[in-house]
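# Analysis of the macromolecular model
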Amino acid sequence: MRLHALLLAASVAATVPLLAAAQDDPAPPHKTDAPAKPADVAQKPDEAGAFHPEAVSSDGSVSIGGHKIDYQAVAGTLVVHPKGWDDAVHGDAAAQKEAHNPRAEASMFYVAYFAKNPTGPRPVTFIYNGGPGSSTVWLHMGAFGPRRVVTADDSHTPPAPYQLVNNDQSLLDASDLVFIDMPGAGFSRVAGPDKEKAFWGIDADAHAFAEFITQFLGKYGRWNSPKYLFGESYGTTRSAVLAWLLESEYDVDLNGVMLLSQILAFDLSADRVENNPGVDLAYELALPTYAATALYHHKLPGNPPADLPSFLHQVEHFALSDYAYALAQGALLPKADHDAIVAKLHEYTGLPAAYIAKANLRVDGSEFEKTLQTDDGLTTGRLDTRFSGPEMDPLSKGSEYDPQSAALSSAYIASFNDYARHVLHYGDGQAFKPSIRVYRSWDSMHQPPGANTALPQTANVMPDLAAAMKMNPTLHVQLNTGYYDMATPYFEGEYELRHLPMPAKLQDNIEIKTYQSGHMVYAHASALAQLHDNAADFIKRTEK
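Anyway, here's the lowdown on the structure attached to this text. (Residues numbered from 1 in each chain as written. Predicted model: local features only at pLDDT ≥ 70, side-chain atom pairs only at ≥ 80, totals over all residues. Heavy atoms only, no water.)

Okay, the nonpolar core next. Residues Tyr110, Phe212 and Phe216 are the most contacted members of the largest nonpolar core, which totals 109 residues. Per-element tally for this core: the top contributor is helix H8 (residues 281–296), with eleven residues. By size, the runner-up hydrophobic cluster in this structure holds 53 residues, among which are Ala407, Tyr412, Tyr419 and Ala523. (Core = buried A, V, L, I, M, F, W, Y, C linked by side-chain atoms within 4.5 Å. Buried < 20%, exposed > 50% of the residue type's maximum accessible area, 1.4 Å probe, protein only. Helix = DSSP H or I, 4+ residues; strand = E, 2+ residues; numbered from the N terminus.)

Set out below in structure tokens:
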């Protein structure tokens, strides 16, 4: 399954219809912050369980900024249960049945990297991709792991053999790292009655990750370490819910949450907006990405602007002023005003004026990807609009595939399969699942803070992140976002964070970093270096 199918802006937008009314004690830091070497022999399965924890350790080193860091790697699994599990009767099947405890369980795969011989307490960062349904192979092999797969910058990477190199941008210089696969993806597995219902949904997924994290903190003695979340795409949705869940139900204060390619409110997605008439804000927030993309591909009429940020600031202002007012007018918009907006959209997007007029001033992401370069027989990328690929169907309304996903996926998947088995010594006899198709089973209803039940509406987890920041006013948030990301447009992420329902003073805890790259910011080498420096600096500033 290709990467474009993993990212939530498409899959959840298709599966969230518009619905009618409807602790452990902290351990001493110097004693426990250096991990104990786990047993290489898997533990015996629990009497009533289908899975058992595993841990395989190995040693390695990485050079970051000219400095060698020796580390211990642990590839393994932890077993988690859905909400309602009572470990007081765990192992007694009859008692479980009598107590009505759900017996579905998940074996969640992780790869942890611990720096050896730390000079003091080390932060620990929990890292995951999104989907929902994605493994964390992308962030592991492309961003922060000690080895990185080399891919072409904005074109198709040739087939194997692929090159795996020392990752000079690994985040191991600032924090110990834990890469986690969601239940069912990667080497993670789910089993038991109603396993899909137990783990595949906004709230169920966050609960599983909270259970994993608290288990990990106990297993490796990291309760007293500075703690961070780093999620990409749907992983940012997960982080918002997870930050609140850890804070409110597990008494875990996080030091920071790092968001990469954010989507918190799904009404703001640029995908399939036509299915949600009357909600025009998504068109406005996507417009700056259209403009950046048109400039990159030399499709803007007239002389191209010299400075991208300044140009986009101008587009952002237009999007939330004249364009927003015109869309709000609907059928009452005077023809002269309509024609003026068409002309401005043509100026900012390069799309034909007649096409914009026919689209009633409203072009969604897929339509833009299909139309921008159609005269050249090309489809524009979704995850990263710097990429292009041959059109599949010249007569289609929208794009049929994502050129960036097609360009990079094979390199990531092949490299991790080889790395896991030959370096981490994990995975023999098992299939690695880069992604799983969860969209038909995914429960997109969510119970935000203060609600008595899950709400029958398009998912919006902005209240969760705001509540976590209110309950823990020392929590810091960093948004990292790419100008060329059509899956989760950069202006959408900025808009969401600037509209969190919380005191204005807490906005001081938020910082926003923007890159000349796409959804996978790290797929562009210079952007990866900037991402590393920004994330490492964020950790160093907030770990104490």
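Next up on the list: the packing of H8 against helix H10 (residues 335–349). Closest axis-to-axis distance for the H8/H10 pair is 7 Å, and the angle between their directions is 50°. By the angle between their directions, the pair H8 and H10 is classed as oblique. Judged by residue contacts, Leu287, Tyr290, Ala291 and Ala294 of H8 engage Leu345, Tyr348 and Thr349 from H10. Residues of the contact of H8 with H10, tallied by class, amount to six nonpolar, one polar and no charged. (Axes fitted to C-alpha atoms, helices over the stretch in contact; angles between N-to-C directions. Parallel < 35°, antiparallel > 145°, perpendicular 65-115°, else oblique. Contact = heavy atoms within 4.5 Å. Nonpolar A, V, L, I, M, F, W, Y, C, P; charged D, E, K, R; others polar.)

Right, let's talk about the pairing of strand E13 (residues 476–482) for a bit. In terms of burial, E13 is a largely internal element, six of the seven residues being buried. The sheet contact formed by strand E10 (residues 256–262) and E13 spans five bridges and is parallel. The partner of Leu260 across the bridge, within E13, is Asn480. Here six bridges tie E13 to strand E14 (residues 510–515), and the two strands are oriented parallel to one another. For Leu479, the partnering residue across the bridge sits in E14 and is Ile512. Crossover E13 to E14 through helix H15 (residues 490–498) is right-handed. (Pairing = 2+ DSSP bridges. Right-handed = clockwise from strand over helix to strand, strands pointing away.)

Moving on, we come to the packing of aromatic side chains. Overall, the coordinates contain 28 aromatic pairs when judged by the stated rule. Measuring from centroid to centroid gives 5.6 Å for Tyr110 and Phe212, while their planes differ by 65°, and the two rings are edge-to-face. Within this pair, whereas Tyr110 is found in strand E3 (residues 105–115), its partner Phe212 is found in helix H6 (residues 202–219), the two being separated by 102 residues in sequence. Exposure remark for Phe212: the relative accessible area of 0% places this residue in the buried category. Look at Tyr113 and Phe179: their rings are 6.0 Å apart centre to centre, the planes differ by 80°, and that puts the pair in the edge-to-face class. In this pair, Tyr113 sits in strand E3 while Phe179 sits in strand E7 (residues 176–180), placing the two residues 66 residues apart along the sequence. (Phe/Tyr/Trp six-rings, centres within 6.5 Å; stacked < 30°, edge-to-face > 60°.)

Glancing now at the side chain of Gln169. For Gln169, the location among the structural elements is in the loop between strand E6 (164–166) and E7. With a relative accessible area of 17%, Gln169 lands in the buried category. Beyond its immediate stretch of four places on either side in the chain, Gln169 contacts Ala143, Phe144, Leu528, Ala529 and His532.

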